[in-house]
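# Remarks on the overall topology
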2 protein chains.
Amino acid sequence: MKNFKIALAQFSPHIGNIEKNTLKMIEQANQAKAEKADIIIFPELSTIGYPAEDLLLRASVKARTQNAFAELAQVKDIVMVFGFVHHTEDGQRLNSAAVMKDGEVLGIYNKQNLPNYSVFDEKRYFNEGHQHLVFEYLEHKFGVLICEDIWNINTVQQLAQLNVDSILVLNASPYEVGKPQHRVATMAALAKQFRINLMYTNQVGGQDDLIFDGSSFALDREGQLIFRLDSFQEQLGYAEFDAEPASFKIQAAKPELETMAEIYQGLVMATRDYVQRSGFPGVILGLSGGIDSALTLAIAVDALGADKVQAVMMPYTYTAQISIEDAAEQAKNLGVAFGVAEIHNVVNSFMQTLYPFFGNAPADATEENLQARSRGMLLMALSNKFGNLVLSTGNKSELAVGYCTLYGDMVGGFAVLKDVYKTIVFELAKYRNSISETPVIPERVITRPPSAELRPDQKDQDSLPAYDVLDAILYAYIEEDLSQNEIIARGFDAKVVEKVIRLVDTNEYKRKQGVIGPRISSRAFSRERRYPIVNGWKAGI
Amino acid sequence: MKNFKIALAQFSPHIGNIEKNTLKMIEQANQAKAEKADIIIFPELSTIGYPAEDLLLRASVKARTQNAFAELAQVKDIVMVFGFVHHTEDGQRLNSAAVMKDGEVLGIYNKQNLPNYSVFDEKRYFNEGHQHLVFEYLEHKFGVLICEDIWNINTVQQLAQLNVDSILVLNASPYEVGKPQHRVATMAALAKQFRINLMYTNQVGGQDDLIFDGSSFALDREGQLIFRLDSFQEQLGYAEFDAEPASFKIQAAKPELETMAEIYQGLVMATRDYVQRSGFPGVILGLSGGIDSALTLAIAVDALGADKVQAVMMPYTYTAQISIEDAAEQAKNLGVAFGVAEIHNVVNSFMQTLYPFFGNAPADATEENLQARSRGMLLMALSNKFGNLVLSTGNKSELAVGYCTLYGDMVGGFAVLKDVYKTIVFELAKYRNSISETPVIPERVITRPPSAELRPDQKDQDSLPAYDVLDAILYAYIEEDLSQNEIIARGFDAKVVEKVIRLVDTNEYKRKQGVIGPRISSRAFSRERRYPIVNGWKAGI
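Residues numbered from 1 in each chain as written. Chains lettered and ligands numbered in written order. Predicted model: local features only at pLDDT ≥ 70, side-chain atom pairs only at ≥ 80, totals over all residues. Heavy atoms only, no water.

## Comments concerning the nonpolar core
Cut-off, in case you're wondering: In plain words, nonpolar cores are sets of buried Ala, Val, Leu, Ile, Met, Phe, Trp, Tyr and Cys residues tied together by side-chain atoms within 4.5 Å. Buried residues are those whose accessible area, probed at 1.4 Å on protein chains only, stays under 20% of the maximum for their type, while exposed residues exceed 50% and partly exposed ones sit between those limits. For this analysis, residues touch if any pair of their heavy atoms sits within 4.5 Å.
Ranked by internal contacts, the top residues of the largest apolar core, which has 89 residues, are F350 and L474 of chain A together with L474 of chain B. Excluding anything up to four places from it in sequence, L474 of chain A contacts S397, A400, V401, Y421, E479, V500 and V504 of chain A.

Below you can see the structure in the form of structure tokens.
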């Protein structure tokens, strides 16, 4: 055996822009060459990015991919293993990996296991491959797998039986809490079981509602970590193989991120990528003095810089003085542009206009919604006039039970906390304060009881169970798919469970019109939880 | 052979409500028995309805389906062939049909071809079946297929080779323009080719964005139509087989619907089913004096009755006097409640509140959006206060190019014309006027040039190409999936094509938050055209 060096390109593609992605892949290959790498591995479908959804169905993907191959063929003296959309002569479309050296294609591998559950729809786009690919280079035998393949023990076993030394795995594996650790643990067990080195290269970057964390890593045949790349950043990593003693050099391991740091960084990256790739100069959000908008503001500033963020406080009769103070304080702490726009005149003009219809009908949610919608419209007007994207500030607990106003606080282009339960919002706020010298979120915002401030002395807990109870029920119903009876059997109050589930079920129409936001859980709304709006399902069993 | 009679139950399920659907199936079976039918055939997945989406993943579907079987087992003296979710002992979930007589299951067929393209996601939910089912009854050999199966010539051929006399096909085949005719033509050719009678039972009813037209039919082995059921209505139909001369009785054929009648009736049914099954007492919509809201109003009245429909005119400075007159006239023609709410005060209060931010910045789309959003908020407030569902009135052409305001004219619970191009809106309006003694849509609404009336003397055609050109380009890009170059090659102006495609591509974010509306085309937005919001795809090739 010879010494050699493998580069793992933790690559952030621009979805659908095959031309741009190809140029970037060439740059990274040249960079790896400068570091004396012999092989570079890119993520799954690196030319078009993942998931390209119905762009994959457009006819010119074929011609564009051929152009990409022609460009990549110019790269010399390094073996490139990259993902691409493979159109075969008999009309099949496959999710494939090419092994290319000096312009020559040494082999093509077609993904065998196509996930079609959770957030994945690969059977909509691809045919399945049926053959393994093994290639020898530098006296070392390499096998290639793509993402889902490595999770199928039969597929791995078949490849291992071909006496492969190392498996190169191209991935586009979306983030969820705990996933980076879960991948390493599972792969380490596999590497050890089959005594195979395993190079796991993952896509990085935010793509609409999906976060790709990267967190690429390399394992040796003992299941030892050779190295792990940082999460949520584009990076190149290198695994060095020494012919003597025929093993990879173990690199000093960086400490793992703790959970709140991991989620926080994921939300920051998702927000940055969405805003920048959509071409917005910055963002604007409504700052209420509450914890959701406070955390959203902190994330926005960390993602884009204070100069790209504008905050607006929109007080009304029910807004507490401390809300105004806390909002102003936080804006000042973070150094963002801050404005105040009272909504009394707008709300009054609506009420006057509606008087001929409403007469003296008693006040109800209508008047509360008018406040929320007046704020939403003001934010949208500021966005339209100056070009900043509106960040929506609602959390997963609210969205689950419909404790939010369609066209009101739900307006915006990106909902940073959409998949973050309220109990986690509190944790994240504390975490963010813990990492800077002075707290960026005023302490009082974290400690005071949450309120939508849409009627006098309103508290969230007047209408909803305490958030720790609510979130536990929601988690059981949404993430764990338990039935009403099963959740009650866990010891929750039956009436509370029934109410929460009824709220979740009847608010699907709001979520269907909701803005996208980054997925951090194992069951986010929309792409992953596809419920009909009109449905007669009865909770219970 | 013996004489016998087969009932086709063109059944409208309540999605997810297995208990209710089962009771209704029993009723229909008893009704068919009263008509001396020997066999009754229900549509695909009739117990749970189609598409139940992720409700299919809930664990209790299994127990609920077992209960349904127990209920259905009470029906005696008629063979029932119905669709259900089949959970096998080895943990598979299948899309299946049961043949049941006097409580005994005579056979089960598992769907072999699972569509996973267009609006279909069956591979997300089901495993594939691998065996045919043939059963003999009344000296006649029957085969069973489910929907997609009948479109796979290999599957049909294999079944035909088992010497089957008649194929019973259980369907949930969604409507699109021309589909009813296409089904009959294709099936007639198959029946004739294989010399097999073919009983095609289709689901009927609106389900969120999908219209199931029913249009069930029976064909004899010559490919002759035995009978066809009406589209867009629940019905039972009967095919009678005479042992002498061993053939089905051909019934007098009703005339086919012409295209505009077909679309119109489909939209009426979709609107009725959405509103009623969501439990709303009625609907409210903004009537502008333009053709989109005029047609939407006519459809709403035909769907629900005038007493369930409320129209509101919301004029502003740029609203023409004839718009107000035409709106009032139409409301009067149709006998719906009609109110007027001027939006000057609301718009002014917004402009005043925004003045500290806007200063003397020149007017742009922001001010136009404020008008549309003031109207949207008023409609939502009226909806919140009195409970009527807001119907959104935008058409497919607008939605495609983003000529509509998010949270403005896009608000609502159901967008009746969402999949209807503007050129078809005109045709439908003329059609609707043609079927009543006096026109329900004032002639001037149809003949005047379309305008959003958001600035002085504005016409749609100031910003957009003429609608016949626009719609032709949109159709080529969306329905036909052609590239920019291919569309230009058809003879359209290159600059116009580039602009239209850019508008379609950059307005995905609006559509992602758009309300659902009934699908009538072969490529509706959302469920069927899944594009990433952030994407770097460049039009051109």
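Continuing now.
## Considering the interface of chain A and chain B
We apply this condition: Buried area: the accessible surface (1.4 Å probe) lost by two parts on joining, summed over both. The term salt bridge refers to a pairing of a side-chain nitrogen on Lys or Arg with a carboxyl oxygen on Asp or Glu at a separation within 4 Å. Definition of a polar contact: a pair of N or O atoms within 3.5 Å, with one able to donate and the other able to accept a hydrogen when the atoms are protein atoms, and with sequence-neighbouring residues admitted only if both atoms are side-chain atoms. A run of H or I in DSSP counts as a helix once it spans at least four residues, and a run of E counts as a strand once it spans at least two, with each numbered from the N terminus.
Contacts between the two partners involve 86 residues from chain A, matched on the other side by 86 residues from chain B. Both faces combined, the contact of chain A with chain B buries some 7,500 Å², and carbon together with sulfur accounts for 60% of it. Of all residues in chain A, R58, V534 and W537 of chain A bury the most surface against chain B, accounting for 12% of the area lost on that side. Counting the contacts that link chain A with chain B gives eight salt bridges. Where chain A packs against chain B, one counts 41 residue pairs in polar contact (both at pLDDT 80 or more). The set of elements that each furnish at least two residues to the side of chain A that touches chain B consists of α2 (61-72), α3 (122-125), α6 (259-277), β17 (309-313), β18 (337-340), α9 (344-358) and α10 (365-386) of chain A. At 14 residues, α10 of chain A tops the list of elements feeding residues into the side of chain A that touches chain B.

## Thoughts on the sheet that holds strand β20 (residues 414-415) of chain B
Short version of the rule: In this analysis, strands are considered paired if DSSP registers two or more bridges between them.
Spatially, β18-β17-β16-β19-β20 (chain B) is the arrangement adopted by the five strands of the open sheet, whose pairing is parallel. Each end of this open sheet is capped by a strand with a single partner; those strands are β18 (337-340) and β20 of chain B.

## A few points about empty space enclosed by the protein
All names here are of chain A. Keep this limit in mind: Cavities and pockets are defined on a 1 Å grid built over the protein atoms alone: a cavity is a set of grid points where a 1.4 Å probe fits but cannot escape, while a pocket is an open set with protein on both sides within 12 Å along at least five of seven lines, and lining residues are those with an atom within 4 Å of any such point. Grid points are joined across faces, edges and corners, and a volume is the space filled by probe spheres set on the points. Think of it as three bins: nonpolar holds Ala, Val, Leu, Ile, Met, Phe, Trp, Tyr, Cys and Pro, charged holds Asp, Glu, Lys and Arg, and polar takes everything else, Gly as well.
Counting across every chain of the model gives eleven cavities of 30 Å³ or more. Reported here for the second largest cavity is a volume of approximately 130 Å³. Lining the second largest cavity, in full, are S392, G394, N395, E398, L399, C404, D409, M410, A415, K418, G514 and V515. For the lining of the second largest cavity, the residue count by class is five nonpolar, four polar and three charged.

## Observations regarding the relation of the copies chain A and chain B
Let me state the cut-off plainly: Here the copies were fitted onto each other by least squares, based on C-alpha atoms from residues at pLDDT of at least 70 in both.
The transform that puts chain A on chain B rotates by 180 degrees and translates by 0.0 Å along the axis, for an RMSD of 0.0 Å. On this basis, the relationship between the two copies can be described by a two-fold rotation axis. No C-alpha of chain A lies nearer the rotation axis than that of Q513 of chain A, which sits 2.2 Å from it. Of the residues that chain A buries at the interface, 100% are likewise interface residues in chain B, meaning the two copies contact each other through the same surface.

## What to know about the sheet that holds strand β15 (residues 247-248) of chain A
Residues and elements named next belong to chain A. Using the following cut-off: Under this scheme, a helix contributes an axis fitted over its contacting stretch, all axes are lines through C-alpha atoms, and angles between N-to-C directions fall in the 0 to 180 degree range.
The strand order β5-β4-β3-β2-β1-β14-β15 describes an open sheet built from seven strands, whose pairing is mixed. Across the chains shown, the open sheet's two edge strands, defined by having one partner strand only, are β5 (104-110) and β15. Sheet topology note: the strand β4 (residues 93-101)/β5 ladder contains six bridges and is antiparallel. Paired with S96 across the bridge in β5 is N110. Strand contacts of helix α1 (residues 18-34): β1 (4-10), β2 (39-41), β3 (79-87) and β14 (235-242), with the helix running at about 40 degrees to β14, the strand carrying the most contacts. Along the sheet, α2 contacts β3, β4 and β5; its crossing angle with β3, the most-contacted strand, is approximately 165 degrees.

## Points about unusual backbone geometry
With an omega dihedral of 10 degrees, the bond running from E244 of chain A to P245 of chain A counts as a cis peptide bond. As for its position among the elements, P245 of chain A is in the loop between β14 and β15. A cis geometry characterises the amide bond from Y50 of chain B onward to P51 of chain B, with omega recorded as -5 degrees. If you trace the backbone, P51 of chain B turns up in the loop between β2 (39-41) and α2 (61-72). Backbone geometry at S215 of chain A places phi at a positive 55 degrees, although glycine is not the residue there. Tracing the backbone through its elements, the reader meets S215 of chain A in the loop between β11 (210-213) and β12 (217-219). In this structure S215 of chain A comes out as buried when scored by relative accessible area, which is 3%. One non-glycine residue, K36 of chain B, lies in the positive phi region at around 70 degrees.

## Overview of the pairing of β1 of chain A
Residue and element names in this part refer to chain A. Most of β1 is tucked away: seven of the seven residues are buried. Going residue by residue along β1, you find F4, I6, L8 and Q10 tucked away on one face and K5, A7 and A9 tucked away on the opposite face as well. Relative to β14, β1 is paired through seven bridges, and the arrangement is antiparallel. Paired with A7 across the two strands is Y238, which belongs to β14.

## Re the pattern of salt bridges
Residue and element names in this part refer to chain B. Following the criterion strictly, the structure yields 72 salt bridges over all chains and no others. With a shortest N-O distance of 2.8 Å, D326 and R444 are connected by a salt bridge. Of this pair, D326 sits in helix α8 (residues 321-334) while R444 is found in helix α13 (residues 443-447), placing the two residues 118 residues apart along the sequence. What makes D326 buried here is its relative accessible area of 2%.

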